[in-house]
Amino acid sequence: MMASLASVCRASLRQPLLAPCKVLSASQLLPKRSVVSLHEYLSFGILGDNGLTVPRHQVAHTPEQARKAAEAFAAKGIDEFVVKAQVLAGGRGKGHFEPSNFKGGVKMAFTPEEVETIAGKMLKNTLITKQTGARGRPCNQVLVVERLFNRREFYFAIAMQRSSGGPVFVGSASGGMDIETIAKEDPDAIIKEPLDIMTGPSREQALSFAKRVGFPEPQLEEAADTFIKLYNIFINNDATLVEINPLALDLDRRVVCMDCKMNFDSNAGFRHKDIFDKLDPSQEDERDIKAAKADINYIGLEGNIGCLVNGAGLAMATMDI
């Protein structure tokens, strides 16, 4: 047994850790982990393609593109805008950029020129939030969105729940807020509805959930329709999370997906090449990207001692030696 293990270790050490490799797609460059995420503007595209209502929006990679997007909106009578940094991290609104020292990754603007100025302070900078750590994540594009005024804001998500063995609707009448804080301070404000993964939600189930969350009677049908469309996106794309925060009633009483976060099962990449090729490797740790290129499993930890092993059991057994 020991001889066999020694031979395996010697064979492993003879192989270069980061050997030259062919050019890989975006999905192949991402680290091997259970969940991968899309930028908000790409998630908006999926929502719109599936008949859901989203604010008018345009992605921009330069300040000039951001201004032109705002000018195009202004030509349609839109005179208030929101500029949103496209960074895969929560807490963008309370973050700050380095080296520009600009505060906030979600900003309102009232002229195309102001949109351009804000975009210039976000783009090519690193956004640091409570979720990114001190390293932060680069902002390579911004999303210019029409500003909508809402009558009410709700929280809605679909996730996988271990206890029920399938998907679950999660909702709250307290939308637009940090859902973790709501769950901690007022657990009763979070409403859940386990779903049968074989049949999906029925119309009656979706209507009942919309009523429990607090949608007004005239909007119950539209809210239920929104829930079912979001479920179809979730199940058809092997998602692990579809989160809309807030899901709003605007001044025209439309049910609008104001923000969107989508996570996907990384094991399903072969079934959804169109989605996985849109993933952004720049949002990942450089060490993870190198490991993915070399086709090795890598977990970054603090400290300066590495552990090269052939399994988690050997890792745990040798960490204390």
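The preceding data block contains the structure.
Our subject in this report is the structure included herewith. (Residues numbered from 1 in each chain as written. Predicted model: local features only at pLDDT ≥ 70, side-chain atom pairs only at ≥ 80, totals over all residues. Heavy atoms only, no water.)

Here the focus is the packing of helix 7 (residues 203–213) against helix 8 (residues 220–236). Running from amino to carboxyl end, helix 7 crosses helix 8 at an angle of 115 degrees, the nearest separation of the two axes being 8 Å. Considering only the axes of helix 7 and helix 8, their crossing is right-handed. Two secondary-structure elements touch here, helix 7 through R203, A206, L207, F209, A210 and K211 and helix 8 through L220, E221, A223, A224, D225, F227 and I228. In terms of residue class, the contact of helix 7 with helix 8 is made up of nine nonpolar, no polar and four charged. (Axes fitted to C-alpha atoms, helices over the stretch in contact; angles between N-to-C directions. Helix = DSSP H or I, 4+ residues; strand = E, 2+ residues; numbered from the N terminus. Left-handed = near helix turned anticlockwise from the far one by under 90°. Contact = heavy atoms within 4.5 Å. Nonpolar A, V, L, I, M, F, W, Y, C, P; charged D, E, K, R; others polar.)

Next up on the list: helix 8. Compared with an ideal rise of 1.5 Å per residue, which puts 17 residues at 24 Å, helix 8 spans 24 Å between its outermost C-alpha atoms and is within 8% of the ideal. Within helix 8, burial applies to L220, A223, A224, T226, F227, I228, L230, Y231, I233 and F234. Residue D238 follows helix 8 closely and has a positive phi angle near 55 degrees. (Expected span 1.5 Å × (residues − 1). Buried < 20%, exposed > 50% of the residue type's maximum accessible area, 1.4 Å probe, protein only.)

With that settled, the discussion passes to the packing of aromatic side chains. Tallied over the entire structure, the rule returns eleven aromatic pairs. Each ring, one from F156 and one from F209, has its centre 6.2 Å from the other, and the planes form 70 degrees; the classification is edge-to-face. In this pair, F156 sits in strand 9 (residues 150–161) while F209 sits in helix 7, placing the two residues 53 residues apart along the sequence. Residue F156 is classed as buried on the basis of its relative accessible area of 1%. Plain terms: the ring middles of F156 and F227 are 4.3 Å apart, the flat faces sit at 10 degrees to each other, and that makes the pair stacked. Within this pair, whereas F156 is found in strand 9, its partner F227 is found in helix 8, the two being separated by 71 residues in sequence. As far as burial versus exposure is concerned, F156 and F227 are alike and both buried. Taken together, F154, F156, F169, F209, F215 and F227 form an aromatic cluster joined through their ring pairs. (Phe/Tyr/Trp six-rings, centres within 6.5 Å; stacked < 30°, edge-to-face > 60°.)

What follows concerns the environment of L241. Looking at where L241 falls in the secondary structure, it is placed in strand 12 (residues 239–250). Residue classification places L241 among the buried positions, given a relative accessible area of 14%. Residues L241 and K261, 20 residues apart in the sequence, show an inter-C-alpha distance of 7.5 Å. With near-sequence residues (within four places) excluded, L241 lies in contact with A157, I158, A159, F234, K261, M262 and N263.

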